[in-house]
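Inside the fold
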Amino acid sequence: MRIAVYPGSFDPITNGHLDIIKRASKLYDRLIVGVLDNSSKSPMFTSLERKSMIDEQIKDLPNVSCDVFSGLLVDFAKQNGASVIVKGLRTVADFEYEFQMALLNKSLNSDYETMFMMTDSKYSYISSSMVKEVAKYDGELEGLVPQEVIIKIKDKIH
Ligand code: PNS
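First things first, this report covers the structure right here in the doc.

What counts and what doesn't
Within each chain, residues carry numbers counting from 1 in the order of the written sequence. Residue-level local features of this predicted model are given only where pLDDT is at least 70; pairs of side-chain atoms are given and counted only at 80 or more, and the full residue set underlies all totals for whole chains, interfaces and linings. Side-chain measures were taken over the full set of non-hydrogen atoms in the model, leaving aside hydrogen atoms and water. Between Lys or Arg on one side and Asp or Glu on the other, a salt bridge is scored when a side-chain nitrogen of the former is within 4 Å of a carboxyl oxygen of the latter. Here a helix means four or more residues in a row that DSSP labels H or I, a strand means two or more in a row labelled E, and each is numbered from the N terminus. Exposure categories follow from relative accessible area, calculated using a 1.4 Å probe and restricted to protein chains: below 20% of the type maximum is buried, above 50% is exposed, and the middle band is partly exposed. DSSP bridges decide pairing: two strands pair if at least two such bridges lie between them. Axis definition: a line fitted to C-alpha atoms, limited for helices to the stretch in contact. Angles are taken between N-to-C directions and run from 0 to 180 degrees. Should any heavy atoms of two residues lie within 4.5 Å, those residues are counted as being in contact. Here a residue is near a molecule or strand as soon as one of its heavy atoms is found within 4 Å of it. The method behind every accessible area is Shrake-Rupley, applied with a 1.4 Å probe, and residues are considered shielded solely by the protein chains displayed. Residue polarity is assigned by list, with Asp, Glu, Lys and Arg as charged and Ala, Val, Leu, Ile, Met, Phe, Trp, Tyr, Cys and Pro as nonpolar; anything else, Gly included, falls into the polar class. Between 30 and 60 degrees the pair is tilted, below 30 it is stacked and above 60 it is edge-to-face, where a pair is any two Phe, Tyr or Trp rings, Trp via its six-membered ring, whose centres lie within 6.5 Å. Angles below 35 degrees are treated as roughly parallel, those above 145 as roughly antiparallel, those between 65 and 115 as roughly perpendicular, and all remaining angles as oblique. Less than a right angle of anticlockwise turn of the near helix away from the far helix marks a crossing as left-handed, whereas a clockwise turn marks it as right-handed.

Details of the pattern of salt bridges
According to the stated counting rule, one finds 10 salt bridges in the structure shown. For Lys132, the salt bridge goes to Asp11, with nearest N and O atoms at 2.8 Å. Taken together, the residues Lys132 in helix H5 (residues 128-136) and Asp11 in the loop between strand S1 (3-8) and helix H1 (15-25) connect sequence positions 121 residues apart. The residue Glu49 makes a salt bridge to Lys156 at a minimum N-O spacing of 3.0 Å. Note that Glu49 is positioned in helix H2 (residues 47-58) and Lys156 in helix H6 (residues 147-157), a separation of 107 residues in sequence. Assessed through its relative accessible area of 30%, Glu49 is described here as partly exposed. The class for Lys156 is partly exposed, based on a relative accessible area of 37%.

Side note on the sheet that holds strand S4 (residues 84-89)
Backbone-to-backbone hydrogen bonds join strands into a sheet, with any given pair of strands oriented parallel or antiparallel. As summarised here, the arrangement of the five strands in space is S3-S2-S1-S4-S5, forming an open sheet in which the pairing is parallel. With one partner strand each, in any of the chains shown, strand S3 (64-69) and strand S5 (113-118) form the two edges of the open sheet. This sheet shows a mean twist of 30° between the axes of neighbouring strands, independent of strand direction. Sheet analysis places S1 next to strand S2 (residues 30-36), joined by six bridges and oriented parallel. If you follow Tyr6 over to S2, its bridge partner there is Val33. Its contacts with the sheet place H2 against S2 and S3, and it is angled at close to 175° to S3. On top of the sheet, helix H4 (residues 92-108) reaches S4 and S5; it is set at about 170° to S4, its chief contact.

Points about the site of the ligand
Residues in contact with the ligand amount to 13 residues; listed here are only the nearest, Ser9, Lys41, Leu73, Met101 and Asn105. Considered on its own, the ligand offers 530 Å² of accessible surface; in the complex 77% of this is hidden by protein. Elements that contribute at least two residues to the shell around the ligand include exactly S1 and H4. The leading source of residues in the shell around the ligand is H4, at three residues. Grouping the amino acids of the shell around the ligand by side-chain chemistry returns seven nonpolar, four polar and two charged.

Details of the packing of aromatic side chains
Within the structure shown, the criterion is met by three aromatic pairs. Geometrically, the ring pair formed by Tyr6 and Phe10 is edge-to-face, given 5.4 Å between the ring centres and 70° between the ring planes. On the accessibility criterion, Phe10 (2% relative accessible area) is buried. A centroid spacing of 5.2 Å and a plane angle of 15° characterise the contact between Phe95 and Phe99, whose relative ring orientation is stacked. A residue pair is termed a helical-turn pair when its members lie 3 or 4 positions apart in one helix, as Phe95 and Phe99 do in helix H4 at four residues. Residue Phe95 is classed as partly exposed on the basis of its relative accessible area of 37%.

Details of the packing of H2 against H6
The description of two packed helices rests on the angle between their axes and on the distance between the axes. Direction vectors running N to C along H2 and H6 enclose 155°, while the axes themselves pass 10 Å from each other. One way to sum up the angle between H2 and H6 is to call them roughly antiparallel. Of the two elements, H2 crosses H6, and the hand of that crossing is right-handed. Residues Glu49, Met53, Glu56 and Gln57 of H2 lie in contact with H6, whose contacting residues are Glu148, Val149, Lys152 and Lys156. Considering only residue class, the contact of H2 with H6 consists of two nonpolar, one polar and five charged.

Written out as structure tokens, the structure reads:
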């Protein structure tokens, strides 16, 4: 059984994340979306709110589940019996950061491979932080995040 984890802050999940989840779910028997519970980052949404937004989006993907984790990613992967870490790549800037994390994770535990998926070009400019910036100034969120997430963001801001 090929099990992969797709980790991130997902604050909130974007259409770019969702695209990676859907594509990766076709490559592995099971895909576990790992939401990092990182209180030091002062996120817009709690980890449980982030998980619940993801659960809503993955409900029709039978081999995908979502869990909150804290601590090291390689430990989360191990607890879930995963052998692969899936990451999405948008830009060269992403690559430098992701390359460093992949090497670090490899040095922490050499059992895991990081697999990179190129983002679909139509999502390459979307990030959770840009979404929050646009939301802060009441900009149009259509196309950046799923409808249900737009509602949650508006609830949070107003
Ligand atoms: O969506 P993000 O914030 O870019 O995701 C970063 C994430 C969650 C993948 C990364 O911070 C992570 O793996 N954190 C868990 C702690 C850990 O394992 N650190 C060592 C590798 S960076």
